Amino acid sequence: MATQSLARDYLSRSPVGAEYMIAIGGPVPSPVRLVAARAQADAMLRVLREQPAGRAVGTLDDTLLLRQLADASSALGLPAATGPLRRLEEQDGPDGVLVESLSI
């Protein structure tokens, strides 16, 4: 995606790029949709803040759906991990890095 490449390039050239994140939304057909686009960008930034360091650019396609799934799981009281991932989490312990390595 050209906009994603442009955003990464901008952050790599900026002296404060490592401190910032960019959320890229879809096109807005009219000013009326700006409020919805802003809400989407805010949701994408929430997802980026929860990711491991190094991921500073997000798009609607790759971040918002993950946030919506996480919010729905949380609202239903579902555990963060199930099945094999939950067993790995239990074996890894609170200071382990195995589960974290899977999220990269």
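Data block above holds the structure.
Residues numbered from 1 in each chain as written. Predicted model: local features only at pLDDT ≥ 70, side-chain atom pairs only at ≥ 80, totals over all residues. Heavy atoms only, no water.

Visitor: Hey, could you go over the overall build of the protein for me, with residue numbers and the actual values?
Guide: Across its full length, the protein holds 5 helices and 2 strands. Counting over 104 residues, the protein shows a buried share of 21%. Sequence-distant contacts, at least 24 apart, represent 38% of the contacts inside the protein between residues at least 6 apart. Only carbon and sulfur atoms are counted for the fraction: they give 59% of the accessible area of the protein, which is about 7700 Å². (Helix = DSSP H or I, 4+ residues; strand = E, 2+ residues; numbered from the N terminus. Buried < 20%, exposed > 50% of the residue type's maximum accessible area, 1.4 Å probe, protein only. Contact = heavy atoms within 4.5 Å. Areas by Shrake-Rupley, 256 points an atom, 1.4 Å probe, with all protein chains shown as cover.)

Visitor: Which residues make up the environment of Arg67, and what values go with them?
Guide: Following the sequence through the fold, Arg67 ends up in helix α3 (residues 60–75). Since its relative accessible area comes to 10%, Arg67 is described here as buried. Note: C-alpha distance between Arg67 and Leu48 (19 residues apart in sequence) is 9.6 Å. The residues touching Arg67, leaving out its near neighbours within four places in the chain, are Ala43, Arg46, Val47 and Glu50.

Visitor: Lay out the pattern of salt bridges in plain terms, naming residues and giving numbers.
Guide: One pass over the full model with this rule turns up 2 salt bridges. The shortest N-O distance in the salt bridge between Asp9 and Arg13 comes to 3.0 Å. Within this pair, Asp9 and its partner Arg13 are both found in helix α1 (residues 2–13), separated by 4 residues, close to a single helical turn. Asp9 gets classed as partly exposed once you look at its relative accessible area, which sits at 33%. Residue Arg38 pairs with Asp42 through a salt bridge whose shortest N-O separation is 3.1 Å. Linking Arg38 with Asp42, this pair stays in helix α2 (residues 34–50), spanning 4 residues, or about one helical turn. For Arg38, a relative accessible area of 55% puts it in the exposed group. The exposure class assigned to Asp42 is partly exposed, which follows from its relative accessible area of 33%. (Salt bridge = Lys/Arg side-chain N within 4 Å of Asp/Glu carboxyl O.)

Visitor: Now, about the environment of Gln4: what can you tell me, with residues and values included?
Guide: Examined against the element boundaries, Gln4 turns out to sit in helix α1. With relative accessibility at 14%, the residue Gln4 sits in the buried group. Each C-alpha atom of the pair Gln4 and Gly58 lies 7.5 Å from the other, and the pair is 54 residues apart in sequence.

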